[in-house]
Amino acid sequence: MAIVGSGPSGAFLAARLLDEEAASFDVDLIDRQATPWGLVRGGVAPDHPRIKTVARRFEAVLDSGRCRFLGGVEVGRDVEHADLQRWYHAVVYATGCPDARSLGLPGENLAGCHPATDFVSWYNGDPAFRDRTFDLSGDRAVIVGNGNVALDCARMLLLPPDELSGTDIADHALEALSESRIREVVVLGRRGAEHAAFTTPELKALTSRFGVTMPRDELAIDPSFNTTQPGHRAVRNMKVLRGVARAAPTEAERRIVLRFLVSPVEILGEDGRVRGLRLARNELHRGKHRAILARPTDATEELDASLVMSAIGFRGRPVPGVPFDERRSLIPNMAGRVTGDPEAAARTYVSGWIKRGPSGVIGTNKLCAYDTATLVIEDALAGQLDHEGVLDADAVRERLEQGGARIVDTGGWRAIDAAETRAGADEGRPRRKLTDRDELLAAAGA
Ligand SMILES: Cc1cc2nc3c(=O)[nH]c(=O)nc-3n(C[C@H](O)[C@H](O)[C@H](O)COP(=O)(O)OP(=O)(O)OC[C@H]3O[C@@H](n4cnc5c(N)ncnc54)[C@H](O)[C@@H]3O)c2cc1C
Ligand SMILES: NC(=O)c1ccc[n+]([C@@H]2O[C@H](COP(=O)([O-])OP(=O)(O)OC[C@H]3O[C@@H](n4cnc5c(N)ncnc54)[C@H](OP(=O)(O)O)[C@@H]3O)[C@@H](O)[C@H]2O)c1
């Protein structure tokens, strides 16, 4: 089996296949990064070390000896989908949704306006983002979007250096954020407070650490909002947000302002740099399938800011040769079996965000991966994965290297891991990430 993508959905799938007693699988976990575990390393915020401990369960998959990591191999660049289809019994794409959705507003290309995912990749040490710069010289930053990524970024922008220095944040980001002058982050939700996508623990992580305020009149609640489901995220969020709205103006040095029912209509600039945003007040209306949507009214205001980030969700990226649904930005599939051109879809499956879209926490991908594993096992047992041309492990590696890939294998990753944790231990940190591709390859002995 080739699993392309070693994030949670690929790693959970590998674990499930290796556990299967009715069939015996050997798995290659292929990733374009030199390091495994996808957004567990590259997305989860550095101040959330407990969440990253899921990686220990994934390491056990590599310990099994029947699953090898092949890092530094990008499908579509270093190897073609058709090659993988030939060399392996089956291929599963677990490639996530790495691209940011854009606001599509005038001024979005001004210096100082970034997709939040660039900031995330930068502070988490993705080698491709280490040279990015973020203007942290102003007092106020604005984040568009009301999901957990928006709250992660708000927290990371405001956490004082002593709360970051003991984490695995990339050194370059620690240095830059230590000198940041940002003291206020405004988070913009286009719909009402009760429609916010963030979860209550993430909201409380803000209210417990910073001065959080919101304009009282923006707490207006949609009359159809159901307050009778105590376990519902929105009900729990509203309990916290009512407290925020009642609170007196904050004297805290580091502040977060939660705004609702507002959307940017233009990013304002001066000399090519962001100077603020024009916001429209929104009203809610019922769209298709009775969905509650926001639309701008004529009421507008200007908000000064030197840094703007959009955290409004993600898109999947097509892999050359693999069917792709442009509209939904996913690999088209029926419950995990790829659909579309029959030749390209043969013995090809999907798991995780690229299967169902960019939402859900790490654990959500476990069920999703298990569903896909069930199909793979069914097809394997039915003999539907047998075909001519399957290569053994050494021959696959040889072909990949002939194609120019500089592979970081399981041993290489273990060497990187050891080097990072050793360097981190000297400073009381869980790890000190290597963020330069050549340094990673050197540490891996690749
Ligand atoms: C910023 C951020 C923070 C998050 N924080 C949390 C959190 O604190 N707690 C939580 O439970 N959930 C969190 N999540 C959600 C969680 O990370 C996702 O649910 C999960 O990572 C999705 O798993 P995945 O395997 O589908 O994708 P990913 O984790 O994105 O993994 C995809 C993998 O595929 C590889 N890949 C992509 N294309 C190719 C290719 N062509 N060739 C080879 N390899 C390729 C990538 O390098 C990557 O390793 C967060 C998400 C984001 C964006
Ligand atoms: N700590 C954690 O557990 C953690 C951390 C980070 C991420 N995650 C998970 O990862 C997944 C992805 O998170 P996410 O924050 O990227 O996505 P998300 O939860 O889907 O939130 C996206 C937000 O962007 C808003 N939005 C979309 N288009 C917009 C536009 N044009 N203008 C203004 N706002 C717009 C959405 O508003 P509407 O609702 O109006 O569409 C929504 O509030 C989620 O499941 C999240 O829970 C978890």
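Up top you'll find the structure we're talking about.
These figures come from a predicted structure and were not determined experimentally.

J.: Provide a residue-level description of the site of ligand 1, including the pertinent values.
T.: Near ligand 1 lie 31 residues; those nearest to it are Ser9, Asp31, Trp353, Gly360 and Ile362. Within the backbone of Val75, an N or O atom sits 3.0 Å from a nitrogen atom of ligand 1. Within the contact set of ligand 1, an oxygen atom lies 3.0 Å away from a backbone nitrogen or oxygen of Trp353. Taken by itself ligand 1 offers 1000 Å² of open surface, and the protein chains cover 91% of this. Taken together, the residues of the shell around ligand 1 sort by class into 14 nonpolar, 13 polar and four charged. Here the shell around ligand 1 spans two domains, and each of domain 1 (2-98 + 316-405) and domain 2 (101-313) adds at least three residues to it.

J.: Tell me about the side chain of His195, residues and numbers included.
T.: Checked against the element boundaries, His195 lands in the loop between β8 (184-188) and α10 (200-207). Beyond its immediate chain neighbours, meaning those up to four positions away, His195 contacts Asp222, Leu284 and Ile292.

J.: Talk me through the sheet that holds strand β13 (residues 292-304); I want residue IDs and the actual numbers.
T.: Reading across the sheet, the three strands line up as β11-β12-β13 and stay open at both edges, with antiparallel pairing between neighbours. Each end of this open sheet is capped by a strand with a single partner; those strands are β11 (262-270) and β13. Within this sheet the neighbouring strands show an average axis-to-axis angle of 25°, counted without direction. Summarising the sheet, strand β12 (residues 273-286) and β13 pair through ten bridges and their orientation is antiparallel. Considered in β13, the bridge of Leu284 is made with Ala294.

J.: How would you sum up helix α4 (residues 54-63)? Please name residues and give values.
T.: Those residues of α4 not exposed but buried are Val54, Ala55, Phe58, Glu59, Val61 and Leu62. Projected down its long axis, α4 carries its buried residues within an arc of 145°, all on one side. Of the exposed residues in α4, the ones pointing more than 90 degrees away from its buried face are Arg56 and Asp63. The elements touched by buried residues of α4 are α1 (8-19), α2 (39-42), α3 (49-52), β3 (67-71) and α16 (410-425). Count one or two residues on from α4 and you reach Gly65, which has phi positive near 80°.

J.: Go over the nonpolar core, please, and point to the residues and values.
T.: In this structure, Phe119, Leu157 and Leu241 are the most contacted members of the largest nonpolar core, which totals 51 residues. Filtering out sequence-adjacent residues up to four positions away, Phe119 remains in contact with Phe134, Cys153, Met156, Leu157, Leu177 and Met309. One finds Leu13, Ala373, Leu434 and Ala444 within the second-largest nonpolar core, a separate group that totals 41 residues.

J.: Describe the pattern of salt bridges, listing the residues and the values that go with them.
T.: Tallied over the entire structure, the rule returns 41 salt bridges. As a salt-bridge pair, Asp135 and Arg273 come within 3.2 Å of each other at their nearest N and O atoms. Separated by 138 residues along the polypeptide, Asp135 in the loop between α6 (116-123) and β7 (140-144) and Arg273 in strand β12 bring together distant segments of the chain. Exposure remark for Arg273: the relative accessible area of 36% places this residue in the partly exposed category. Here Asp409 makes a salt bridge to Arg397, at a shortest N to O gap of 2.9 Å. With Asp409 in strand β19 (residues 408-409) and Arg397 in helix α15 (residues 393-402), the pair connects residues that are twelve residues apart, well separated along the chain. Classification of Arg397 as partly exposed rests on a relative accessible area of 23%. Among the charged side chains, a network of salt bridges with common partners joins Asp47, Asp152, Arg155, Glu163, Glu202 and Arg209.

J.: Give a detailed account of the packing of aromatic side chains, specifying residues and quantitative values.
T.: Evaluation of the coordinates by the stated rule reveals seven aromatic pairs. A centroid spacing of 5.7 Å and a plane angle of 25° characterise the contact between Phe119 and Trp122, whose relative ring orientation is stacked. On the criterion of helical spacing, the pair formed by Phe119 and Trp122 is a turn pair, its members being three residues apart in helix α6. The exposure class of Phe119 is buried, given its relative accessible area of 0%. Overall, Trp122 belongs to the buried group, its relative accessible area being 3%. Plain terms: the ring middles of Phe119 and Phe134 are 5.3 Å apart, the flat faces sit at 70° to each other, and that makes the pair edge-to-face. Separated by 15 residues along the polypeptide, Phe119 in helix α6 and Phe134 in the loop between α6 and β7 bring together distant segments of the chain.

J.: Help me get a handle on the environment of Arg16, residues and values and all.
T.: Relative to the assigned elements, Arg16 resides in helix α1. For the pair Arg16 and Asp152, spaced 136 residues apart in sequence, the C-alpha to C-alpha distance is 30 Å. Discounting residues that sit within four places of it in the chain, Arg16 has contacts with Tyr370, Ala373 and Ile377.

J.: Which residues make up α6, and what are the values?
T.: Judged by how many residues are buried, α6 sits mostly within the fold: eight of eight residues are covered. Of all the positions in α6, only Ala116, Thr117, Asp118, Phe119, Val120, Ser121, Trp122 and Tyr123 are classed as buried. Trailing α6 by a residue or two, Gly125 shows a phi angle of about 80°, which is positive.

J.: Lay out the packing of α10 against helix α11 (residues 233-246) in plain terms, naming residues and giving numbers.
T.: One can describe the packing of α10 onto α11 by two numbers: an axis separation of 9 Å at closest approach and a directional angle of 15°. Taken as axis vectors, α10 and α11 run roughly parallel relative to one another. Judged by the twist between their axes, the crossing of α10 over α11 is left-handed. Seen from α10, the contacting residues are Thr200, Leu203, Lys204 and Thr207; seen from α11, they are Arg233, Arg236, Asn237, Val240, Leu241 and Val244. Among the residues forming the contact of α10 with α11, the class breakdown is four nonpolar, three polar and three charged.

Conventions and cut-offs
- Residues numbered from 1 in each chain as written.
- Chains lettered and ligands numbered in written order.
- Predicted model: local features only at pLDDT ≥ 70, side-chain atom pairs only at ≥ 80, totals over all residues.
- Heavy atoms only, no water.
- Near = heavy atom within 4 Å.
- Polar contact = N/O pair within 3.5 Å; in protein donor to acceptor, adjacent residues only side chain to side chain.
- Areas by Shrake-Rupley, 256 points an atom, 1.4 Å probe, with all protein chains shown as cover.
- Nonpolar A, V, L, I, M, F, W, Y, C, P; charged D, E, K, R; others polar.
- Domains from an automatic or database assignment.
- Helix = DSSP H or I, 4+ residues; strand = E, 2+ residues; numbered from the N terminus.
- Contact = heavy atoms within 4.5 Å.
- Pairing = 2+ DSSP bridges.
- Axes fitted to C-alpha atoms, helices over the stretch in contact; angles between N-to-C directions.
- Buried < 20%, exposed > 50% of the residue type's maximum accessible area, 1.4 Å probe, protein only.
- Arc of directions from axis to C-beta.
- Core = buried A, V, L, I, M, F, W, Y, C linked by side-chain atoms within 4.5 Å.
- Salt bridge = Lys/Arg side-chain N within 4 Å of Asp/Glu carboxyl O.
- Phe/Tyr/Trp six-rings, centres within 6.5 Å; stacked < 30°, edge-to-face > 60°.
- Parallel < 35°, antiparallel > 145°, perpendicular 65-115°, else oblique.
- Left-handed = near helix turned anticlockwise from the far one by under 90°.

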